[in-house]
Amino acid sequence: MRKKVIAGNWKMHKDIKETIELISGIKNGLTPNENREVIVCPPFTSLETAFALLKESNIGLGAQNMHFEDSGAFTGEISASMLKSVGCKYVILGHSERRNVFGEADEMINKKMLKALNSGLNPIFCVGETLEQRENGTTNSIIENQIRKGLDSISAQQLENTIIAYEPVWAIGTGKTATPDQAQEVHKFIRTLIADIYDEKTAGSLIIQYGGSVKPENSSELLNQPDIDGALVGGACLKPDLFLGIINSI
Ligand code: 13P
């Protein structure tokens, strides 16, 4: 059976003091449960502090982005080995804000995916359609294109260390969640596509998270869908009670 994986994408929020408060709040409220995994993805500046606080817990640490080169003259960038050196196990790649605000294309995301996996980091690979694309009826072809390009040259074995997050762009930070049926439909499509590109076994064990305005009030219905294996949470991961509310809805 697939575990449920709840990850918090803090985006550009929380300084060191706030990081300590948020992580302490999550740790204090978390009850043991072997059927789920919890991940936090603070900004780069908080990773080291977060790792120190998470050491005795079962909460995983992830970053929100990385560069595909090992080192060099890339002002403002962070490498996979740097992330590993501060205790990261995960890295979010291909988030729609990276795609749409910072112009990251599928080819670049694929290079990052390969670098992360070859460096021993587990990517949380994000895909999702815009409102216009959904209204045009092109959701599936957009998702298929992002997945085929993003996963180019990635082996079935490497995919075992990858989480896919389906995040419809129109649902991110808007309060407009996809209905459980809408989300399930795309998750099923993704799993079928993975079975087609790889095989049934790989598709069957792949964790596919939903992201986009997940909150305690809607998480249980979303997480009960057969192909929704977790959530990638933005706004609601910034307050311990809301993040814990989502985690405890499993
Ligand atoms: P919100 O939960 O704030 O909609 O953000 C979702 C997201 O982008 C997580 O990566």
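Residues numbered from 1 in each chain as written. Predicted model: local features only at pLDDT ≥ 70, side-chain atom pairs only at ≥ 80, totals over all residues. Heavy atoms only, no water.

Some thoughts on the overall build of the protein
So, step 1. Looking only at helices and strands, one finds 12 helices and eight strands in the protein.
So, step 2. Relative to the compact-globule value of 18 Å for 250 residues, the protein shows a C-alpha radius of gyration of 17 Å, a close match.
So, step 3. Counting only C-alpha atoms, the protein reaches 45 × 45 × 35 Å along its principal axes.
So, step 4. Residues counted as buried form 50% of the 250 residues belonging to the protein.
So, step 5. Considering only contacts within the protein whose residues lie at least 6 apart along the sequence, 73% involve residues at least 24 apart. (Helix = DSSP H or I, 4+ residues; strand = E, 2+ residues; numbered from the N terminus. Rg over C-alpha atoms; globule rule 2.2 N^0.38 Å. Buried < 20%, exposed > 50% of the residue type's maximum accessible area, 1.4 Å probe, protein only. Contact = heavy atoms within 4.5 Å.)

Considering the site of the ligand
So, step 1. As a matter of local geometry, the ligand sits amid 13 residues, with K11, H95, G173, S213 and G235 nearest to it.
So, step 2. The contact in question runs from an oxygen atom of the ligand to an N or O atom on the side chain of E167, over 2.9 Å.
So, step 3. At 2.7 Å, a backbone N or O of S213 approaches an oxygen atom of the ligand.
So, step 4. Classifying every residue of the shell around the ligand gives four nonpolar, seven polar and two charged. (Near = heavy atom within 4 Å. Polar contact = N/O pair within 3.5 Å; in protein donor to acceptor, adjacent residues only side chain to side chain. Nonpolar A, V, L, I, M, F, W, Y, C, P; charged D, E, K, R; others polar.)

Some points on empty space enclosed by the protein
So, step 1. Evaluation of the coordinates by the stated rule reveals one cavity of 30 Å³ or more.
So, step 2. Space inside the largest cavity adds up to approximately 30 Å³.
So, step 3. Along its surface, the largest cavity is lined by Y210, V214, S219, L222, L223, I228, G230 and A231.
So, step 4. Looking at the lining of the largest cavity, the element that brings in the most residues is helix α11 (residues 216–223), giving three residues.
So, step 5. Class assignment of the residues belonging to the lining of the largest cavity gives a composition of six nonpolar, two polar and no charged. (1 Å grid on protein atoms, 1.4 Å probe; cavity = no way out; pocket = protein on both sides within 12 Å on 5 of 7 lines; lining within 4 Å. Points joined across faces, edges and corners; volume = space filled by probe spheres on them.)

A closer look at the pattern of salt bridges
So, step 1. Tallying each qualifying case throughout the model produces 12 salt bridges.
So, step 2. The closest approach of N and O atoms between R98 and E104, which form a salt bridge, is 3.0 Å.
So, step 3. Its relative accessible area of 7% is what places E104 among the buried residues.
So, step 4. Ionic pairing is found between D196 and R148, a salt bridge with its closest N-O pair at 3.5 Å. Of this pair, D196 sits in helix α9 (residues 180–197) while R148 is found in helix α7 (residues 139–150), placing the two residues 48 residues apart along the sequence. (Salt bridge = Lys/Arg side-chain N within 4 Å of Asp/Glu carboxyl O.)

So, the side chain of T162
So, step 1. Along the chain, the position of T162 falls in the loop between α8 (156–159) and β6 (163–166).
So, step 2. We classify T162 as buried; its relative accessible area is 3%.
So, step 3. In this structure the side chain of T162 is engaged in a polar contact, spanning 3.2 Å, whose partner is the backbone oxygen of Q158.
So, step 4. Each residue touching T162, except ones within four places of it in the same chain, is listed here: M113, L117, P123, F125 and L206.

Brief notes about the packing of helix α1 (residues 16–29) against helix α2 (residues 47–54)
So, step 1. For the pair α1 and α2, interaxial distance at closest approach is 10 Å and the crossing angle is 30°. With respect to their mutual orientation, α1 and α2 come out roughly parallel. Relative to α2, α1 is oriented so that their crossing is right-handed. Only T49, A50, L53 and L54 of α2 make contact with α1, whose side of the interface consists of I16, T19, I20, I23 and K27.
So, step 2. Classifying every residue of the contact of α1 with α2 by side-chain character gives six nonpolar, two polar and one charged. (Axes fitted to C-alpha atoms, helices over the stretch in contact; angles between N-to-C directions. Parallel < 35°, antiparallel > 145°, perpendicular 65-115°, else oblique. Left-handed = near helix turned anticlockwise from the far one by under 90°.)

Side note on the side chain of D229
So, step 1. As for its position among the elements, D229 is in the loop between α11 and β8 (230–233).
So, step 2. Within the local environment of D229, its side chain forms a polar contact with the side chain of R191, the two groups lying 2.8 Å apart.
So, step 3. Not counting residues up to four positions away in its chain, the partners in contact with D229 are R2, K3, K4, V5, R191, L206, I207 and I208.

What is shown is where atoms sit, not what they do.
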